[in-house]
Structures are given as C-alpha cells and as structure tokens.
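Structural overview
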Amino acid sequence: MDTNDQQNIKGTPSRPQVKICGLTRVDEALECAELGADAIGFVFFPKSPRNVTDDQAKEIITALPVDVKKVGVFVNESFSYIMHKVEHCRLNAVQLHGQELPELVKRLSGEDLIVIKALFSGGKPSFEEAPQYDASAYLVECAKGMLPGGNAMTWNWKEAGNVNDRCPLVLAGGLSPENIREAIASCMPDAVDISSCVEKSPGRKDPGKVKSFVDAVSQAGKPLKADRKKLRRIF
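For clarity, every value in this text was computed on a predicted model and none was experimentally measured. (Residues numbered from 1 in each chain as written. Predicted model: local features only at pLDDT ≥ 70, side-chain atom pairs only at ≥ 80, totals over all residues. Heavy atoms only, no water.)

1. Re helix α7 (residues 180-187)
Within the sequence span of α7, burial applies to Ile-180, Ala-183, Ile-184, Ser-186 and Cys-187. Along the axis of α7, the buried residues cluster in a sector spanning 160°; they form a single face. Just beyond α7, the residue with positive phi is Met-188, at close to 50°. (Buried < 20%, exposed > 50% of the residue type's maximum accessible area, 1.4 Å probe, protein only. Helix = DSSP H or I, 4+ residues; strand = E, 2+ residues; numbered from the N terminus. Arc of directions from axis to C-beta.)

Structure, rendered in structure tokens:
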C-alpha cells in the first residue's frame, strides 16, 4: 500500500482534493475519475453551456465509482427543486452558487448532504459574510463574467486566506497547471475546482488536460514548508 492510500484511509488527503465541474458525458466523467478526480460536478443552470438534464446526470452518476462524490451545482433555486434533483440523480453533495439565504444552507445540511456555499471576491455573498453560512465548505472565486462561476478568470487568491480559517475551502477561478502551485501556496485550500481549463469545448473534457491538472495539483500539494496545515477532507 502506497503513502497516498494510507493517508486516504486515515481520512487526511495527501493533496488538495480535485473537483472537476461541468461534466456532460459518461465516458469523460469516468476518465476524470480514473485520472484522480475526487468529485464530479453537474450544472443544473439552464443558461450554462454545461447544463445537464436530470436523466443525463443520473446516467453519468450511475456509472461513476461510489467513492467519487457527485455534486449538483445550483443557482438561486428552492429547497424542493434542489431535493428533487438530489433524489432523482442520487447526488451526495450540492453547491449553491447564487445569493442563497443561510436558512437554505442549514436546511440542506440537515439532509445528510455535503453543502458547499460559493462566496465571491467583489460580489455577493462576499467573503465577509462567510460566518452567516453553516456550510460543509466554502467555494471562493471572483464574481466577474456574464455567468455565475469563475469564467476562467484569475484573481487575487490570497484574499481567501481568512475564509480558510473558519471552514474547509474550495478554491476556484482561473486555475491551470501553470498557476496551481501559486494558487495553492496563496491560501492553502483543501480542494480546488476546475472546469473550462480542462475542456476542448464547453462541457467536453479533454483527458490530457485533466491529467496535466491533477498531476500539477499533486506536485503543488506537497508540503511547501515544515509547518504546512493539515488538509481537511471535503469529498
């Protein structure tokens, strides 16, 4: 048994976990899982080019390994709408990417789900509003672009440092194999989230790009100094 396996059994990740978002095909989702993705994201937002139907998501989720978390991404949807998707598609995590109220986060947390709340640099809800949300983890990124999400734009990742002190942190926004070491060093996230950087077209993932990114995260996740913080498992 190698070191990574031992650390995973103990519950402590050996590197920041990797969530790959916006999957639309079974074969590509399976490739992402085989290449080391800890979580796969499914976008339930009609305006997104990565939007999936209930049945499309369920087909992919049914094919994925049990240990890969299945995350539904929602923007300003109701509790009943989200729970319908959870139950039909068999999601085990939800990511709230709009201006959802703290009460919705609390209610979903009572449904035995991993609940990730997005916070935005320069948008609402802001990093300063983090204490209002009793989430499993925060996802942090900038609020630029036409659609909710990082829109492949880099930003000052160091701004997320204080958020990381309160709750497990997922870093997103403009990440790539070339900048992931800098991004991880800037705020020590517990997980990273990527979509467009590993695509050949919106919703279509490129396995070569996925491998390059996961490999880069593994290298960047090696201790940068002796007192590196202990990573917290999210997925």
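2. A few points about the pattern of salt bridges
What the rule picks out here adds up to 12 salt bridges. The shortest N-O distance in the salt bridge between Arg-15 and Asp-38 comes to 2.9 Å. Taken together, the positions of Arg-15 in the loop between α1 (3-10) and β1 (17-20) and Asp-38 in the loop between α2 (26-34) and β2 (39-43) put the pair 23 residues apart, joining distant regions of the chain. Like Arg-15, the residue Asp-38 is buried in the burial classification. The closest approach of N and O atoms between Lys-85 and Asp-54, which form a salt bridge, is 2.4 Å. Taken together, the residues Lys-85 in helix α4 (residues 79-89) and Asp-54 in helix α3 (residues 54-63) connect sequence positions 31 residues apart. (Salt bridge = Lys/Arg side-chain N within 4 Å of Asp/Glu carboxyl O.)

3. Description of the packing of aromatic side chains
One pass over the structure, following the stated rule, counts 2 aromatic pairs. Between Phe-44 and Phe-74, the ring centres sit 5.3 Å apart and the planes meet at 10°, which makes this aromatic pair stacked. Remark: Phe-74 occurs in strand β3 (residues 69-74) and Phe-44 occurs in the loop between β2 and α3; sequence separation between them is 30 residues. Given the relative accessible area of 1%, Phe-44 is considered buried. With a relative accessible area of 0%, Phe-74 lands in the buried category. Seen from their ring centres, Phe-74 and Tyr-81 are 6.3 Å apart, and the 90° between their planes marks the pair as edge-to-face. (Phe/Tyr/Trp six-rings, centres within 6.5 Å; stacked < 30°, edge-to-face > 60°.)

4. Examining the environment of Leu-30
Looking at the secondary structure, you find Leu-30 in helix α2. Ignoring sequence-local partners within four residues, the contact set of Leu-30 consists of Ala-63, Leu-64 and Pro-65. (Contact = heavy atoms within 4.5 Å.)

5. Here we look at the packing of α2 against α3
Between α2 and α3, the shortest axis-to-axis distance is 9 Å and the interhelical angle comes to 40°. Comparing their axes, α3 and α2 come out oblique. Once α2 is placed against α3, the crossing between them reads as right-handed. Contacts between α2 and α3 involve Val-26, Ala-29 and Leu-30 on the former and, on the latter, Glu-59, Ile-60 and Ala-63. (Axes fitted to C-alpha atoms, helices over the stretch in contact; angles between N-to-C directions. Parallel < 35°, antiparallel > 145°, perpendicular 65-115°, else oblique. Left-handed = near helix turned anticlockwise from the far one by under 90°.)

6. Notes on the nonpolar core
Ranked by size, the top nonpolar core spans 59 residues in total, and within it Phe-42, Leu-108 and Ile-180 carry the most contacts. Of all the elements, helix α8 (residues 207-220) adds the most residues to this core, at 6 residues. Other than its neighbours up to four places away in sequence, Phe-42 contacts Leu-23, Val-52, Ala-57, Ile-60, Ile-61, Leu-64, Lys-70, Val-71, Gly-72, Val-73 and Leu-91. Judged by nonpolar contacts, the second largest core, of 14 residues, contains Ala-39, Ile-116, Phe-120 and Val-170. (Core = buried A, V, L, I, M, F, W, Y, C linked by side-chain atoms within 4.5 Å.)

7. Points about the environment of Glu-159
Examined against the element boundaries, Glu-159 turns out to sit in the loop between β6 (137-142) and α6 (161-164). Residue classification places Glu-159 among the partly exposed positions, given a relative accessible area of 37%. A C-alpha to C-alpha distance of 7.6 Å links Glu-159 and Ser-121, two positions 38 residues apart in sequence. Beyond its immediate chain neighbours, meaning those up to four positions away, Glu-159 contacts Ser-121 and Phe-127. Within the local environment of Glu-159, its side chain forms a polar contact with the side chain of Ser-121, the two groups lying 2.5 Å apart. (Polar contact = N/O pair within 3.5 Å; in protein donor to acceptor, adjacent residues only side chain to side chain.)

8. Things to note about the side chain of Lys-117
Locating Lys-117 in the fold gives a position in strand β5 (residues 114-121). For Lys-117, a relative accessible area of 0% corresponds to the buried category. At 3.2 Å, the side chain of Lys-117 forms a polar contact with the side chain of Glu-100. Sequence-distant contacts of Lys-117, that is, excluding residues within four places in its chain, are made with Leu-96, Gly-98, Glu-100, Val-105, Pro-125, Tyr-133, Ala-135, Ala-137, Tyr-138 and Leu-139.

9. Digging into the sheet that holds β5
Strand-to-strand pairing in sheets goes through backbone hydrogen bonds, with the strands running parallel or antiparallel. Sheet architecture is closed into a barrel: 8 strands sit in the order β1-β2-β3-β4-β5-β6-β7-β8, paired in parallel fashion. Within the sheet, the average angular offset between the axes of one strand and its neighbour, ignoring direction, is 25°. Bridge count between strand β7 (residues 169-172) and strand β8 (residues 191-194): 3 bridges; the pairing is parallel. Its bridge partner lying in β8, Leu-171 is registered against Val-192. (Pairing = 2+ DSSP bridges.)

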